[in-house]
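So the chains spell out like this:
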Amino acid sequence: MNPQALLVPQDAQSQRLDRWLSVCFREKSRGEIQRWIKNGLVTVNDQPAKASMKVIPGQRVVVKIPPPPADSTLIPEPLPLNILFEDANLAVIDKAAGMVVHPSPGHERGTLVNAILHHCPDIEGVGGERRPGIVHRLDKETSGLIVVAKNDSTHQFLQAQFQTRTVYKEYLALLEGVVDPPTGRINAPIGRHPVHRQRQAILPPDPLTGISPGREAITEYETVGVHTSPVRDSTGLAHFSLVRVILHTGRTHQIRVHFAWRKHPVVGDTLYGYRRQRLQLKRHFLHAYRMRLRLPNQDDEQEFVAPLPPELDHILASMNQ
């Protein structure tokens, strides 16, 4: 068991326990969380809990997360893959939103790893048993470029470039509001949220040491255009900023956390942004658009571009610039 202690925040006042936990553990279904509660794996202030009980700010909730099923064998699956480039050493894939990169508890099937194992069976075991070929990751609802290594030497070669930050990674994101200044650089350390353990957060420096417990995170951005939507807010027409984002580090949820901290969350991001979204989008508007890196046995960098998927193009087309 992996116990996690959570403190009920003010904004969770009077929510059902199972509903609140489904927000804290978004990768788990509400039904699975209800089974945890029924099986005695959740306590509130050290007392047994019921799914229907209403939480109170300040309560301490402890969740004992059960281990994954014993049978965790990776199963190749004939899932569609949009392969932009492929040779004997690697494949560059335009990942669709909604696809998890590698298996994890609750996502044992339907992942990019399951698909790539069917496409390239020899990749099994490269770089790790549970994440064969995976050099870097994208969030489930983030679409775009991801590179997969086909052998151990290529995996090490690519991994070294990501670790030394020599890979150019450019994203396109649609943000709430008008970003001011329109171009800039966000340098704010990121670490696991002290209360909501499934989230990341900007962690301020310790008042005594002046050192943040978070890891360095640097995001550079440039506004490409400001769009208006027929959806109205208190100031009239709602405004949205399309930004080009360059990642200099690769922290979990980095772009989403940094812009939410700047009060311009990514459109469609219900974890860090608004629960009630103003635009009808079933995913968040974040796309890994461009990447430059060196390939094995080549001196020059090679660039790859993944165009915006239709659902994101449609959102932009529905607005005025």
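Values in this document were obtained by computation on a predicted structure and should not be read as measured data.

A. Spatial organisation of the overall build of the protein. Along the protein, the regular secondary structure elements total six helices and 15 strands. Computed over C-alpha atoms, the radius of gyration of the protein comes to 21 Å, within 12% of the 20 Å expected from 2.2 N^0.38 for 321 residues, which places it in the range of a compact globule. Counting across all 321 residues of the protein, residues that qualify as buried make up 50%. Excluding contacts between residues fewer than 6 apart, the proportion of contacts in the protein whose partners are at least 24 apart in sequence is 66%. As displayed, the protein has an accessible area near 16200 Å², and 50% of this comes from carbon and sulfur atoms. Side-chain charges of the protein comprise 39 positive and 32 negative groups, with the mean position of each set lying 10 Å from the other.

B. Representation of the packing of aromatic side chains. Evaluation of the coordinates by the stated rule reveals three aromatic pairs. Here the aromatic rings of Phe25 and Trp36 are separated by 5.7 Å at their centres, their planes lie at 85°, and the arrangement is edge-to-face. Here Phe25, found in the loop between α1 (17-24) and α2 (30-38), pairs with Trp36, found in helix α2; they are 11 residues apart in sequence, far enough to count as distant. The buried category is assigned to Phe25, whose relative accessible area is 1%. Trp36 sits in the buried class, given a relative accessible area of 4%.

C. Focus on the pattern of salt bridges. One pass over the structure, following the stated rule, counts 16 salt bridges. Between Arg244 and Glu170 there is a salt bridge; the shortest N-O distance is 3.6 Å. Pair noted here: Arg244 is in strand β13 (residues 236-247) and Glu170 is in strand β8 (residues 168-176), with a separation of 74 residues, a long-range link. Given a relative accessible area of 24%, Arg244 falls into the partly exposed group.

D. Structural context of α1. Among the eight residues in α1, seven count as buried, and that is most of the element. Here α1 has its buried residues at Leu17, Asp18, Trp20, Leu21, Ser22, Val23 and Cys24.

E. Focus on the environment of Val92. Counting through the fold element by element, Val92 comes out in strand β6 (residues 90-95). For Val92, a relative accessible area of 2% translates into the label buried. Each C-alpha atom of the pair Val92 and Arg275 lies 33 Å from the other, and the pair is 183 residues apart in sequence. When near neighbours in sequence (up to four residues on either side) are disregarded, Val92 contacts Asn82, Ile83, Leu84, Phe85, Leu145, Ile146, Val147 and Phe304.

F. Quick peek at helix α5 (residues 254-261). Counted residue by residue, α5 has seven buried out of eight residues, so it is predominantly covered. Every buried residue belonging to α5 is among Gln254, Ile255, Arg256, Val257, His258, Phe259 and Ala260, and all of these are buried. Immediately downstream of α5, the backbone of Lys263 shows phi near 70°, a positive value.

G. The arrangement of the side chain of Thr142 in detail. With respect to the helices and strands, Thr142 occurs in the loop between α3 (112-119) and β7 (143-149). Judged by relative accessible area, which is 2%, Thr142 ranks as buried. There is a polar contact of 2.8 Å between the side chain of Thr142 and the side chain of His284. In this structure Thr142 touches Lys95, Ala96, Tyr171, Arg283, His284, Leu286, His287 and Ala288, once residues within four positions along its chain are discounted.

H. Spatial organisation of the pairing of strand β5 (residues 83-86). As paired strands, β5 and β6 are joined by three bridges and run antiparallel to one another. Bridge pairing in β6 places Phe85 opposite Val92. What sits between the antiparallel neighbours β5 and β6 is a turn of three residues.

I. Representation of the nonpolar core within the structure. With 38 residues, the main nonpolar core has Leu112 and Tyr171 as its most contacted residues. Elements represented by at least two residues in this core include exactly β6, α3, β7, β8, β13, α5 and β14 (286-294). Excluding residues that lie within four positions of it along the chain, Leu112 makes contacts with Leu81, Ile93, Met99, Val100, Val101, Ile134, Ile146 and Val148. Core analysis: the next-biggest nonpolar cluster, separate from the first, contains 20 residues, Leu6, Phe25, Val61 and Ile65 among them.

The rules behind the values
- Each residue is numbered by its place in its chain's sequence as written, counting from 1.
- Owing to the predicted nature of the model, reporting of local features is limited to residues with pLDDT of at least 70; listing and counting of side-chain atom pairs is limited to 80 or more, with chain, interface and lining totals taken over all residues.
- Neither water nor hydrogens contribute to the side-chain values; these are computed over all heavy atoms in the structure.
- Numbering of helices and strands runs from the N terminus; a helix is a DSSP stretch of H or I covering at least four residues, while a strand is a stretch of E covering at least two.
- Only the C-alpha atoms count toward the radius of gyration. The rule for a globule is 2.2 Å times the residue count to the power 0.38.
- A 1.4 Å probe rolled over the protein chains alone gives each residue an accessible area, and that area as a share of the maximum for its type sets the label: buried under 20%, exposed over 50%, partly exposed in between.
- Between two residues, a contact is recorded if the distance between any of their heavy atoms is within 4.5 Å.
- The Shrake-Rupley method, run with a 1.4 Å probe sphere, supplies the accessible areas, and residue values consider only the shown protein chains as cover.
- Under the counting rule used here, the positive set is Lys and Arg, the negative set is Asp and Glu, and His together with the chain ends is not counted.
- Charge coordinates come from a single atom per side chain, which is NZ of Lys, CZ of Arg, CG of Asp or CD of Glu.
- The pairing test for Phe, Tyr and Trp rings, Trp by its six-membered ring, is centres within 6.5 Å, and the orientation test on the planes gives stacked under 30 degrees, edge-to-face over 60, and tilted for anything in between.
- Any carboxyl oxygen of Asp or Glu that lies within 4 Å of a side-chain nitrogen of Lys or Arg is treated as forming a salt bridge with it.
- Definition of a polar contact: a pair of N or O atoms within 3.5 Å, with one able to donate and the other able to accept a hydrogen when the atoms are protein atoms, and with sequence-neighbouring residues admitted only if both atoms are side-chain atoms.
- We call two strands paired when DSSP finds no fewer than two bridges between them.
- Throughout this description, the term nonpolar core refers to a set of buried Ala, Val, Leu, Ile, Met, Phe, Trp, Tyr and Cys residues connected via side-chain atoms within 4.5 Å.

Just geometry here; none of it tells us what the structure is for.
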